[in-house]
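# Structural features, examined
Residues per chain are reported as follows:
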Amino acid sequence: MDNNLKEIHERIAEIRASALKSIAEALEARDLPTLAEIRIRHLGKKGIITAILKTLSGLPAEERPKTGAFINALREAIEHELELANAKLGSAAFEERLKAEAIDVTIPAKSGRFGHTHPLTIVHDEAVDLFLTLGFTVAEGPEVELSEYCFDKLNTPKGHPARDRQDTFYCDEDETICLRTQTSSVQIRTMEQLKPPIRIISPGRVYRKDEVDATHSPIFHQIEGLVIDKGITMGNLKWTLNTLMRGLYGPNVQTRFRPHHFPYTEPSCELDIQCFECGGAGCRLCKDEGWIELLGAGMVHPKVLSGCGIDPDVYSGFAFGIGIERLAMRRFGITDMRLLYENDARFLRQF
Ligand code: DAH
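In this text the structure is predicted, and so the values were computed from the model without any measurement. (Residues numbered from 1 in each chain as written. Predicted model: local features only at pLDDT ≥ 70, side-chain atom pairs only at ≥ 80, totals over all residues. Heavy atoms only, no water.)

## Regarding the side chain of Glu270
Here is the rule: To qualify as a helix, a DSSP run of H or I must reach at least 4 residues; to qualify as a strand, a run of E must reach at least 2; elements of each kind are numbered from the N terminus. Working definition: with a 1.4 Å probe on protein chains only, accessible area under 20% of the residue-type maximum means buried, over 50% means exposed, and in between means partly exposed.
Here Glu270 lies in strand E7 (residues 265–274). For Glu270, a relative accessible area of 8% puts it in the buried group.

This is the structure in structure tokens:
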């Protein structure tokens, strides 16, 4: 072997030894930056391997291929070791991260404060669900309504006290448009659009010029109900409303149907439930009456039916209107309606 060749081979052996040693040390020290630096120093464009390849030209032609192959084997060995070391450090770093970021799912959670449904919505949803199971569907109508639908077609002509400016928010001088004072307007819209049999409820917001106090608010909510078919009687009305009362207040609720007057029903009635506070003996809640008034109802007036194109000689029906605030107040023993609107969390949290 000539001197040159010997030198190169010794050099290759040295490089191999020192590279592998540095890699082993960096691996031991978990030193990824040093591994990167070793790679550049050996395998980079201006690195040790490139430099030694250049010295091949000083060798006799027949020695070059073999020595070249040695150098390539060196390059591959270094590359391989670097890769192994990187993989080991990489997966170790991953393991460490997993350990550091591990979540102990057995630690009891910090419980946040969750909100819940508003008492008005609770009662609304219960009533609506109940009617849905009885085969009713939900109909909707506008809150800004034609006076014609809110009053005239409900047999409440001009001059009726319900239409007084003291009671109703009108949107125009001529009083042809108002904020609906009752969801009964949806009865008319429904009868004009659908043919009997009709079985709808219509929950929604209504407006009256009332001063705010413990039992009044200028905005409140009602659920209207309407059933029209052949042969519908007051018996159907009583059964339906009794079923609703049992659903809302329990199976032992006592009800009382009391004659009343509404322009759009004949006969008309109001439904009372026996005071659950005193059991009918009389107390503050029922104002010593033993009964609590809950809703208005009746058999749809023939004039209302015919005004909507339904023949009162063929069809009959009943209707009812329930104040949702009143239902909720009775249900939860709330004595001041304002509490339902003030959004005081101390109050709302109780339901
Ligand atoms: N509209 C009435 C009110 O606001 C409630 C009512 C009574 C609705 C009798 C009806 C009904 O459909 O038949 O007080």
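## Some details on the site of the ligand
Short version of the rule: We call a residue near a molecule or strand when any one of its heavy atoms sits within 4 Å of it. Polar contact is defined as a pair of N or O atoms within 3.5 Å, subject to the rule that within protein one atom must be able to donate a hydrogen and the other to accept it, and that residues adjacent in sequence are counted only when both atoms are side-chain atoms. The protein chains shown are the only cover counted for residues, whose accessible areas, like all others here, come from Shrake-Rupley with a 1.4 Å probe. Only Asp, Glu, Lys and Arg are considered charged, only Ala, Val, Leu, Ile, Met, Phe, Trp, Tyr, Cys and Pro nonpolar, and every remaining residue, Gly among them, polar.
Lining the immediate environment of the ligand, one finds 15 residues, of which Gln182, Gln187, Arg208, Glu224 and Tyr264 sit closest. At a separation of 2.7 Å, an oxygen atom of the ligand approaches a polar side-chain atom of Arg208. Interatomic distance of 2.9 Å between a side-chain N/O atom of Gln222 and an oxygen atom of the ligand. If the ligand stood free it would expose 350 Å²; the protein chains cover 90% of that surface. Where the shell around the ligand is concerned, the elements lending two or more residues are strand E5 (219–229), strand E8 (291–300) and strand E9 (316–323). Each residue belonging to the shell around the ligand can be placed in one class, and the counts come to five nonpolar, eight polar and two charged.

## Remarks on the state of the cysteines
Inclusion rule: The disulfide criterion is simple: two cysteine sulfur atoms within 2.5 Å.
Inspection of the entire model under this criterion finds zero disulfides. Here Cys178 is not cross-linked by a disulfide; its sulfur's nearest cysteine counterpart is in Cys150, at 4.2 Å. For Cys275, which is in no disulfide, the shortest distance to another cysteine sulfur is to Cys278 and amounts to 3.6 Å.

## Side note on the sheet that holds E9
Defined as follows: For two strands to count as paired, DSSP must find a minimum of two bridges between them.
In spatial order, the strands read E1-E4-E5-E9-E8-E7-E6; together these seven strands make up an open sheet with mixed pairing. In the strand order of this sheet, the two ends are held by strand E1 (137–138) and strand E6 (255–262), each with one partner. Here E5 pairs with E9 via eight bridges, running antiparallel. Counted as the bridge partner of Val227 is Phe318 from E9.

## A word on helix H1 (residues 3–28)
Every α-helix carries 3.6 residues per turn, so stepping three or four residues along brings you back to the same face. What counts here: Multiplying one less than the number of residues by 1.5 Å gives the expected span of a helix. We call two residues in contact when some of their heavy atoms are within 4.5 Å.
For H1, built from 26 residues, the straight-helix expectation of 38 Å at 1.5 Å per residue is met to within 8% by its first-to-last C-alpha distance of 37 Å. By the burial criterion, the buried members of H1 are Leu5, Ile8, Ile12, Ile15, Ala19, Ile23 and Ala26. On the buried face of H1, the contacting elements are helix H2 (32–43), helix H3 (48–54) and helix H4 (64–100). Immediately downstream of H1, the backbone of Arg30 shows phi near 50°, a positive value.

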